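The lines below spell out each chain.
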Amino acid sequence: MPVIDWQAVLRLLYYAPKQPLMFNTGLFLLLFPLVYGIYILLSVKRKAAITWIVLFSLFFYYKSSGIYWLLLLANGLFNWWMGGAISSEKSKKKAKTIMIIALVGDLGLLALFKYFNLFGALWSDLTGAHFLKLNWILPVGISFFTFESISYIVDLYRGEVKRESHDFLDFAFFVTFFPRLVAGPIVRAADILPQVRQFEPLKKSEAATAFSLITLGLIKKAVISDYISINFVDRVMDSPMQFSGVENLLAVYGYAMQIFCDFSGYSDMAIGIALLFGFRLTDNFLQPYQSLNITDFWRRWHISLSTWLRDYLYIPLGGNRCSQWRQNLNLMITMLLGGLWHGASWNFMLWGGLHGAALIVDKKVRISNESGGKTAVILRFFSWFLTFHFVCFCWIFFRIPDFDTAISQLRQIASSFHPEILIQWINGFPVVAAMLLLAIGLHFLPAKTIKARSNQEKSWPLWVHGFALGLVIWLVIQTKSSDIQPFIYFQF
């Protein structure tokens, strides 16, 4: 009889910076059936089941960020306390003051960890003053749970969330729920807290949807995104001058599909896992590269962030209810801060600024495609082509951390573009080419086909979904690299 090495088992439960707990890791696949099984047993008692999920969520975050699980807990306690002060204050003016204090606290914590070094270095450059850089690890997902805390505080003040409709355990679940904790989607208290109270059981059709989402998410992330990243995109993006213009352009296209498959794959898995527990999260991606203009792109890409920026930043700034120049300013501020949200880098600011400028132009010059005939088809294609390539152009500055290397890639595409290399590239990278085609095919499936496929999958027996998921897990194990590739949005 084999002897269990309990010390090795315990080591798996300790925080390891280079081995965070993620959906595509062996440890998570090992732990999840146990966690879910205990949840099912406890689900006859709502509070027991919710408590179990909160405890596992804190462990999940500990395995991702170590001691910073205490920061997550402190953030929850702070916002619960401030939320209580807001809801119990009868004076609207005093309640607003408390709300502002809470927002300053939340944003101050985010600024300290994420932006202190960037703006400290800028201050040092401007004034010549000595600046001591803080060398600490950025807590995983701090941007996500900070924005969620802000939405809770603001919604309490607005009256969109009622304090008496939930207790601290419900709020702790909202703050820590592990599927969307470290990389979204960004959820709002008004959406999730009523579900925690109602605690509706999982329906059979929803179980089928959940398995389908998890399976598709794994394919997107662990098969497509990781493969094209490791075997082609990273090599070119890190050293663009060593590759031809065609290879650089293909790497840009590759990164566009990589980041989509990576982030939408995570969102699919998060939504699917949450659904298995009986909680319904909203879609975060709706085939964004099919957009005909940049406004439509932001209605389809990272929907939870774009709607958050709209509701908690753009509209409070004045939105469209002001003069044209002020609308443009509001848009630019929103997108610049949206870029900064992604990281403390001037490249992210540039990325946000480019999208802000495009949104401003799009409001003035949008190609109409309501009429029929060949002209409308040509205009739609031109509009799509322009939008897609603008988004890809912006991804260069998003992916490459320094401005000079990004410009070098653009120059290489423009000056060393030899189309005949394409055939050589396909021969040299046949699997990468196949993965890119698979990603494009998945992304550009017609909406009717996706809906029909979804309806068909709901009729499958659950064992079929389980078999399909097991097959994908086996495929992931066969194709994965020696190191688990973290999700791109973990860094944000």
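Reading guide: rules and limits
- Residues numbered from 1 in each chain as written.
- Predicted model: local features only at pLDDT ≥ 70, side-chain atom pairs only at ≥ 80, totals over all residues.
- Heavy atoms only, no water.
- Helix = DSSP H or I, 4+ residues; strand = E, 2+ residues; numbered from the N terminus.
- Buried < 20%, exposed > 50% of the residue type's maximum accessible area, 1.4 Å probe, protein only.
- Contact = heavy atoms within 4.5 Å.
- Areas by Shrake-Rupley, 256 points an atom, 1.4 Å probe, with all protein chains shown as cover.
- Polar contact = N/O pair within 3.5 Å; in protein donor to acceptor, adjacent residues only side chain to side chain.
- Core = buried A, V, L, I, M, F, W, Y, C linked by side-chain atoms within 4.5 Å.
- Salt bridge = Lys/Arg side-chain N within 4 Å of Asp/Glu carboxyl O.
- Patch = residues over 30% accessible without salt bridge, like charges linked within 9 Å, V, L, I, M, F, W, Y side chains within 5 Å.
- Axes fitted to C-alpha atoms, helices over the stretch in contact; angles between N-to-C directions.
- Parallel < 35°, antiparallel > 145°, perpendicular 65-115°, else oblique.
- Phe/Tyr/Trp six-rings, centres within 6.5 Å; stacked < 30°, edge-to-face > 60°.
- Lys NZ or Arg CZ within 6 Å of the ring centre and 35° of its normal.
- Left-handed = near helix turned anticlockwise from the far one by under 90°.
- Nonpolar A, V, L, I, M, F, W, Y, C, P; charged D, E, K, R; others polar.
- Expected span 1.5 Å × (residues − 1).

### Looking at the overall build of the protein chain
On a plain count of helices and strands, the protein chain comes out with 21 helices and zero strands. For the protein chain, buried positions account for 51% of its 492 residues. In the protein chain, of all internal contacts separated by at least 6 residues, the share reaching a separation of at least 24 is 77%. Counting every atom, the protein chain has about 23,700 Å² of accessible surface; 67% of that belongs to carbon and sulfur.

### Let's talk about the side chain of Thr146
Position of Thr146 relative to the elements: it lies in helix 7 (residues 142-158). One polar contact links the side chain of Thr146 to the main-chain carbonyl oxygen of Ile142, over a distance of 2.6 Å. Residues within four places of Thr146 in sequence aside, it is in contact with Asp106 and Leu110.

### Some details on the nonpolar core
Within the largest apolar cluster, 137 residues are counted, with the highest numbers of intra-cluster contacts made by Tyr152, Phe277, Phe279, Tyr289 and Trp395. In contact with Phe277, other than residues within four places in its own chain, are Phe32, Tyr36, Tyr39, Ile53, Phe177 and Phe178.

### As for the pattern of salt bridges
One pass over the structure, following the stated rule, counts 14 salt bridges. For Lys47, the salt bridge identified is with Asp167, shortest N-O distance 3.3 Å. Here Asp167 lies in the loop between helix 7 and helix 8 (168-176) and Lys47 lies in helix 3 (residues 46-65), a separation of 120 residues in the sequence. The salt bridge partner of Asp226 is Lys221, with a shortest N-O separation of 2.8 Å.

### So, a nonpolar patch on the surface
Taken together, the side chains of Ile67, Leu70, Leu73, Leu77 and Phe168 define a hydrophobic patch exposed on the protein surface, amounting to about 420 Å² of accessible area. At three residues, helix 4 (residues 69-88) tops the list of elements feeding residues into the nonpolar patch. Relative to the assigned elements, Leu70 resides in helix 4.

### Here's the deal with the packing of helix 5 (residues 92-114) against helix 7
As a packed pair, helix 5 and helix 7 sit with axes 10 Å apart at the nearest point and diverge in direction by 175°. Classified by the interaxial angle, the pair formed by helix 5 and helix 7 is roughly antiparallel. Residues Lys92, Ala95, Lys96, Met99, Ala102, Leu103, Asp106, Leu107, Leu109, Leu110, Phe113 and Lys114 of helix 5 touch helix 7, and the partners they reach there are Ile142, Ser143, Thr146, Ser149, Ile150, Ile153, Val154 and Tyr157.

### Brief notes about the environment of Leu286
Tracing the backbone through its elements, the reader meets Leu286 in the loop between helix 11 (245-276) and helix 12 (294-300). Sequence separation between Leu286 and Trp301 is 15 residues; the distance between their C-alpha atoms is 6.8 Å. Ignoring any residue separated from it by four or fewer positions in sequence, one finds Leu286 in contact with Arg300 and Ile303.

### Here's the deal with the packing of aromatic side chains
This model, assessed by the stated rule, comprises 58 aromatic pairs. On the basis of an interplanar angle of 75° and a centroid distance of 5.4 Å, the ring pair of Phe393 and Phe397 is categorised as edge-to-face. Taken together, the residues span about one helical turn, with Phe393 and Phe397 both in helix 16 (residues 373-399) at a distance of four residues. Against the face of Tyr157 rests Lys92, its NZ or CZ located 4.3 Å from the ring centre.

### Regarding the side chain of His443
With respect to the secondary-structure elements, His443 resides in helix 19 (residues 430-443). The class of His443 is buried, set by a relative accessible area of 1%. For His443, the contacting residues outside a window of four places in its chain are Met257, Phe260, Gln287, Pro288, Tyr289 and Gln290.

### Here's the deal with the packing of helix 3 against helix 8
One can describe the packing of helix 3 onto helix 8 by two numbers: an axis separation of 9 Å at closest approach and a directional angle of 35°. You can see that helix 3 and helix 8 cross each other, and the crossing is left-handed. Touching Arg46, Lys47, Ile50, Thr51, Ile53, Val54, Ser57 and Leu58 of helix 3 are Leu169, Asp170, Ala172, Phe173 and Thr176, all from helix 8. When grouped by side-chain class, the residues that make up the contact of helix 3 with helix 8 number seven nonpolar, three polar and three charged.

### Some remarks on the environment of Ser291
Position of Ser291 among the secondary structure elements: in the loop between helix 11 and helix 12. For Ser291, a relative accessible area of 1% gives the class buried. Sequence-distant contacts of Ser291, defined by excluding residues within four places in its chain, comprise Asp296, Phe297, Arg300, Trp384 and Thr387. Of the polar contacts made by the side chain of Ser291, one reaches the backbone nitrogen of Phe297; its length is 3.3 Å.

### Digging into unusual backbone geometry
Peptide bonds are mostly trans, and most non-glycine residues show a negative phi. The backbone of Gln287 sits at a positive phi, close to 45°, despite the residue not being glycine. Of note, Gln287 is situated in the loop between helix 11 and helix 12. The exposure class assigned to Gln287 is buried, which follows from its relative accessible area of 16%. In the Ramachandran plot, His302 falls in the positive-phi region, its phi being about 40° despite a non-glycine side chain. Within the secondary structure, His302 is located in the loop between helix 12 and helix 13 (303-317). Residue His302 is classed as buried on the basis of its relative accessible area of 0%.

### A look at helix 14 (residues 324-342)
Its 19 residues place the ends of helix 14 28 Å apart at the C-alpha level, agreeing with the 27 Å of an ideal helix rising 1.5 Å per residue. Every buried residue of helix 14 is accounted for by Gln327, Asn328, Asn330, Leu331, Thr334, Met335, Gly338, Gly339, Leu340, Trp341 and His342.

### Comments concerning the environment of Ile100
By the secondary structure assignment, Ile100 is in helix 5. Here the alpha-carbon distance between Ile100 and Ile153, two residues 53 residues apart in the chain, equals 9.2 Å.

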